[in-house]
Amino acid sequence: MYYKFTLSTFIFILFSGFTEMAAQDIVKITEQRAGSRESQNIIYFTPSIYPDVAEIKDATNEAFFSAVSDSYVNNRNRRMVRVDMPVTYEDADRNTIREICINNNATHAVIPHVKFFKVGLGQFVFSSQVVVSMKLYDADGNFISESSYDTFRKNARIMGSAQNSIRIGTNGVLKQLTQNMKRKK
């Protein structure tokens, strides 16, 4: 009898210890996940466009921001914040970037540039291709990384619309920036 009581007590203590330990592990895991779920805002400025032609700006901005927002659809930890303010690609003001990041609670800022060029011989133009470039800055305005994607050299596309080229270039440069960030960590 004494043996049965001790064995049942031991089994009870054993199971209650495992359930308490498992509950503690679950709490720690959910706390870790909750900490990593904090939403990061990333600011995207309006891209500077070369050549500076007013007729192509609206279509370029629409195609660019459509491609960027599509890349954030499945990402729950990061949000895209669009800032319709032109910032020069070559000379970005550190103080401006820092102020905008603070006001929008952003961790990073991206300054894009879209350069159009024609592929063809003389007056015969086969397609309108783009080079999409982006510079990544942290919230303090410090330069982190830069990347470019040439749709003609990377995909060797001859035919297609300029808007489709912008989408392909934007997706390509975003992948390269992500790879650069992973390498630096």
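Scroll up to find the structure this text is about.
A.B. asks: Residue-level account of the overall build of the chain, with values.
C.D. replies: The secondary structure content of the chain amounts to five helices and six strands. Working note: accessible area of the chain is about 12200 Å², and carbon and sulfur atoms make up 55% of it.

A.B. asks: Could you give me a rundown of helix α5 (residues 162–184), with the residues and numbers involved?
C.D. replies: An ideal rise of 1.5 Å per residue puts 33 Å on 23 residues; α5 measures up with 33 Å between its terminal C-alpha atoms. Among all positions of α5, only Ser165, Ile166, Gly169, Thr170, Gly172, Val173, Leu174, Gln176, Leu177 and Asn180 are buried.

A.B. asks: Quick one: what's the story with unusual backbone geometry, residue by residue and with numbers?
C.D. replies: Generally, phi is negative for residues other than glycine and the peptide bonds are trans, each holding for most cases. The omega torsion of the bond from Tyr50 to Pro51 falls at 0°, within 30 degrees of zero and hence cis. Within the secondary structure, Pro51 sits in the loop between β2 (48–50) and α2 (54–71). For Asn105, which is not glycine, the phi dihedral falls at a positive 55°. As for its placement among the helices and strands, Asn105 is situated in the loop between α3 (94–103) and β4 (106–121). Take Asn105: its relative accessible area is 60%, and that puts it in the exposed class.

A.B. asks: How would you sum up the nonpolar core? Please name residues and give values.
C.D. replies: Tyr44, Phe64, Val132, Met134 and Ile166 are the most contacted members of the largest nonpolar core, which has 21 residues in total. Excluding anything up to four places from it in sequence, Tyr44 contacts Phe64, Phe65, Val68, Tyr72, Met80, Val81, Arg82, Val83, Val110, Met134 and Leu174. In this structure, Phe45, Val81, Ile100 and Ile111 belong to the second largest nonpolar core, which totals 13 residues.

A.B. asks: Explain the side chain of Asn61 to me, using residue names and the numbers behind them.
C.D. replies: In this structure, Asn61 sits in helix α2. Contact partners of Asn61, with chain neighbours within four places excluded, come to Thr46, Pro47, Ile49 and Arg82.

A.B. asks: Pulling in residues and values, what's your account of the pattern of salt bridges?
C.D. replies: Following the criterion strictly, the structure yields four salt bridges and no others. As a salt-bridge pair, Asp52 and Lys57 come within 2.8 Å of each other at their nearest N and O atoms. A salt bridge links Arg82 to Asp84; its shortest N-O distance comes to 2.9 Å.

A.B. asks: Account for the environment of Asn77, naming residues and giving values.
C.D. replies: Checked against the element boundaries, Asn77 lands in the loop between α2 and β3 (78–86). A C-alpha to C-alpha distance of 8.7 Å links Asn77 and Asn41, two positions 36 residues apart in sequence.

A.B. asks: Account for the packing of α2 against α5, naming residues and giving values.
C.D. replies: At a closest axis distance of 9 Å, the pairing of α2 and α5 adopts a crossing angle of 40°. Between α2 and α5, the crossing angle belongs to the class labelled oblique. Like other packed secondary-structure pairs, α2 and α5 cross with a definite hand, here right-handed. Residues Ala59, Thr60, Ala63, Phe64, Ser66, Ala67, Val68, Asp70 and Ser71 of α2 lie in contact with α5, whose contacting residues are Gln163, Ile166, Arg167, Thr170, Asn171 and Leu174.

A.B. asks: Quick one: what's the story with the side chain of Ser133, residue by residue and with numbers?
C.D. replies: Topologically, Ser133 is positioned in strand β5 (residues 124–138). In this structure the side chain of Ser133 is engaged in a polar contact, spanning 2.8 Å, whose partner is the side chain of Ser148. Dropping the residues within four chain positions of it, Ser133 is found in contact with Tyr89, Ile111, Pro112, His113, Ser147 and Ser148.

A.B. asks: Explain α2 residue by residue, including any values.
C.D. replies: Residues lying three or four places apart along an α-helix face the same way, a consequence of the helix completing one turn every 3.6 residues. Helix length check: α2, at 18 residues, gives a terminal C-alpha distance of 27 Å against a target of 26 Å (1.5 Å per residue), a fit within 8%. All buried positions along α2 are accounted for by Thr60, Asn61, Ala63, Phe64, Phe65, Ala67 and Val68.

A.B. asks: So what's going on with the packing of aromatic side chains? Which residues, and what values?
C.D. replies: Describing an aromatic ring pair means giving the distance of the ring centres and the angle of the ring planes. If you walk through the whole model with that rule in mind, you get three aromatic pairs. Taken together, a centroid distance of 5.9 Å and an interplanar angle of 75° make the contact between Tyr44 and Tyr72 edge-to-face. Placement of the pair is Tyr44 in strand β1 (residues 40–46) and Tyr72 in the loop between α2 and β3, with a sequence separation of 28 residues. Both residues of the pair, Tyr44 and Tyr72, count as buried. A centroid spacing of 5.2 Å and a plane angle of 80° characterise the contact between Phe64 and Phe65, whose relative ring orientation is edge-to-face. Per residue, the accessibility class of Phe64 equals that of Phe65, and both read buried. The side chain of Lys135 reaches across the aromatic face of Tyr89, ending 4.7 Å from its centre.

Reading the values: rules and limits
Residues numbered from 1 in each chain as written. Predicted model: local features only at pLDDT ≥ 70, side-chain atom pairs only at ≥ 80, totals over all residues. Heavy atoms only, no water. Helix = DSSP H or I, 4+ residues; strand = E, 2+ residues; numbered from the N terminus. Areas by Shrake-Rupley, 256 points an atom, 1.4 Å probe, with all protein chains shown as cover. Expected span 1.5 Å × (residues − 1). Buried < 20%, exposed > 50% of the residue type's maximum accessible area, 1.4 Å probe, protein only. Core = buried A, V, L, I, M, F, W, Y, C linked by side-chain atoms within 4.5 Å. Contact = heavy atoms within 4.5 Å. Salt bridge = Lys/Arg side-chain N within 4 Å of Asp/Glu carboxyl O. Axes fitted to C-alpha atoms, helices over the stretch in contact; angles between N-to-C directions. Parallel < 35°, antiparallel > 145°, perpendicular 65-115°, else oblique. Left-handed = near helix turned anticlockwise from the far one by under 90°. Polar contact = N/O pair within 3.5 Å; in protein donor to acceptor, adjacent residues only side chain to side chain. Phe/Tyr/Trp six-rings, centres within 6.5 Å; stacked < 30°, edge-to-face > 60°. Lys NZ or Arg CZ within 6 Å of the ring centre and 35° of its normal.

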